[in-house]
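Structural features, examined
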Amino acid sequence: MTLRRHLLDPILHENPVTVQILGLCSALAVSRTLEPALIMAAAVTAVLVYSNLVISLLRHVLPGSVRLILEMTIIASGVIVVDEVLKTYAPAIAETLTVFVGLIITNCIVLGRAESFALRNGPLHSIADAVGNGIGYSLILLTVAAIRELVGTGSLFGVTLLPTLDAGGWYRPNHLMLYAPSAFFLIGFLIWGLRALAARHVATASTPVTRGQR
Amino acid sequence: MHDLITLIGQAIFTENLALVFLLGMCTYLAISKRLTTALGLGAAMLVIQTITVPLNNLVFHTLLAPGALDWLGQGELDLSFLKLVVFIGVIAASVQILDIVLLRFASPLHQALGAFLPLLTVNCALLGASLLMAQRQLDLVQSLAYGFGSGFGWALAICLLAALRERLAASNLPGGLQGLGITFIIAGLLALTVAGLGTS
């Protein structure tokens, strides 16, 4: 029962991006088109599962004082493997992701979950938590990427859905979506929407939880 | 000399770490409520960035780059895949050392910056700048300029955001938009301005 909660909670109620405000850099920067976003989501989830599992297994032997550095090393070793795999099997995608694969090390979702969950829970629950947070992160990343690619270029995964004017169609692509600011706007509106929705759900309670939290 | 000024200018404005490359976002959005705190954080970032980027450059070119170990007779060795773990180690170590040095020799400065230093270890703007430096194959002097420029740019960006958020603190916004939501929109508008500087 709790295992299910650990898996499902981070997907919406405790979403790492919109609620815990973790892992924003990559959610903003890699969300231009769907394909790299999908690879990035998979890479982050893989690192998250690996680091949560290893740290959870080592939680009784990790000395408290140098804990952070050891955790960073564990995470970094996972990221190096992912980086090398991507460079070997998907060099074109690795090229578009540039430094952002390496930056999974400092993606605060990974360290955040290791610190606040894996250090205190068994391996099975830690994996459930990692998968849940990975899916929650992927959900936001893919939603933003889908909107940006569709509105910005009229296609999804490079497949044209709205024929653009340049190609003789009718759709005039909104190039703003291809620049960095649009990611801020989209995630801002997404948070607004999600919070408004959550506020409606708890409207019966005396104080809305989401209001003035920060 | 002219090239260096261009490099610094690029790092501050057209390639601003926070607003163009979107690095260091967690700290950028979470700790920008007050201008004074933002100033402290920005100053800490500037100092650390100016130290770690050239330091990582030195480490990269003497130990990790392809052919860098020629002096050991291991010229064909390419350790550049280790750069992730080495860079993060260098960053964590220099943050710690700076913390101790400031505590010993400049305690007022330590009081102002102290709380932010440990936070910066996991800030991706630091690692990001070092990785970009390695990717662009800058030399030592260039990396010093790049470190200074990118740190200054990030500090500028967080001060701008904090000043705007202070102004907005008392405004009447829809409930769901308050706090984080509006911060994203402001950051988006700032990013739009910087994007405008880039296209000339």
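The coordinates are above.
Thresholds, definitions, all that
- Residues numbered from 1 in each chain as written.
- Chains lettered and ligands numbered in written order.
- Predicted model: local features only at pLDDT ≥ 70, side-chain atom pairs only at ≥ 80, totals over all residues.
- Heavy atoms only, no water.
- 1 Å grid on protein atoms, 1.4 Å probe; cavity = no way out; pocket = protein on both sides within 12 Å on 5 of 7 lines; lining within 4 Å.
- Points joined across faces, edges and corners; volume = space filled by probe spheres on them.
- Nonpolar A, V, L, I, M, F, W, Y, C, P; charged D, E, K, R; others polar.
- Helix = DSSP H or I, 4+ residues; strand = E, 2+ residues; numbered from the N terminus.
- Contact = heavy atoms within 4.5 Å.
- Salt bridge = Lys/Arg side-chain N within 4 Å of Asp/Glu carboxyl O.
- Buried < 20%, exposed > 50% of the residue type's maximum accessible area, 1.4 Å probe, protein only.
- Phe/Tyr/Trp six-rings, centres within 6.5 Å; stacked < 30°, edge-to-face > 60°.
- Lys NZ or Arg CZ within 6 Å of the ring centre and 35° of its normal.
- Expected span 1.5 Å × (residues − 1).

1. Some points on empty space enclosed by the protein
Per the stated rule, a full pass over the model turns up two cavities of 30 Å³ or more. Quantified by volume, the largest cavity comes out at close to 50 Å³. Classifying every residue of the lining of the largest cavity gives six nonpolar, two polar and no charged.

2. Remarks on the layout of surface pockets
If you add up the space inside the largest pocket, you get close to 670 Å³. Together, 29 residues line the largest pocket, and Ala 29, Arg 32, Leu 178 and Ala 180 of chain A together with Val 20 of chain B are the ones closest to its centre. For the lining of the largest pocket, the secondary structure elements donating two or more residues are α2 (24-29), α5 (91-97) and α8 (180-201) of chain A together with α7 (124-136) and α9 (180-198) of chain B. Sorting elements by how many residues they give to the lining of the largest pocket places α9 of chain B first, with five residues. A breakdown of the residues in the lining of the largest pocket according to their chemical character gives 20 nonpolar, seven polar and two charged. Here the second largest pocket defines a volume of roughly 560 Å³.

3. Structural notes on the side chain of His 6 of chain A
Inspection of the secondary structure assignment puts His 6 of chain A in helix α1 (residues 2-8). Not counting residues within four places of it along the chain, the set of residues in contact with His 6 of chain A comprises Phe 117, His 125, Ala 128 and Asp 129 of chain A.

4. A few points about the pattern of salt bridges
Residue and element names in this part refer to chain A. Applying the stated rule across the entire model yields four salt bridges over all chains. Between Asp 83 and Lys 87 there is a salt bridge; the shortest N-O distance is 3.6 Å. Residue Asp 83 and its partner Lys 87 are both found in helix α4 (residues 67-89); the two are separated by four residues, about one turn of the helix. Residue class for Asp 83 comes out buried when judged on its relative accessible area of 14%. Salt-bridge contacts for Asp 129 lead to Arg 113; the nearest nitrogen and oxygen are separated by 3.0 Å. Here the residue Asp 129 occupies a position in helix α7 (residues 123-153), and Arg 113 occupies one in helix α6 (residues 108-118), the gap between them amounting to 16 residues. Judged on exposure class, the residue Asp 129 and its partner Arg 113 are both buried.

5. Considering the packing of aromatic side chains
All names here are of chain B. Following the criterion strictly, the structure yields six aromatic pairs over all chains and no others. Consider the rings of Phe 148 and Phe 152, whose centres lie 6.1 Å apart with planes at 20 degrees: the pair is stacked. Of this pair, Phe 148 and Phe 152 both sit in helix α8 (residues 140-168), four residues apart, roughly one helical turn. Exposure remark for Phe 148: the relative accessible area of 33% places this residue in the partly exposed category. On the accessibility criterion, Phe 152 (35% relative accessible area) is partly exposed. Taking the ring centre of Phe 105 as reference, the NZ or CZ of Arg 104 above it sits at 5.0 Å.

6. Topic: α7 of chain A
Here α7 of chain A spans 43 Å end to end across 31 residues, near enough to the 45 Å set by a 1.5 Å rise per residue. Phi for Gly 154 of chain A, located one or two positions after α7 of chain A, is positive at around 75 degrees.

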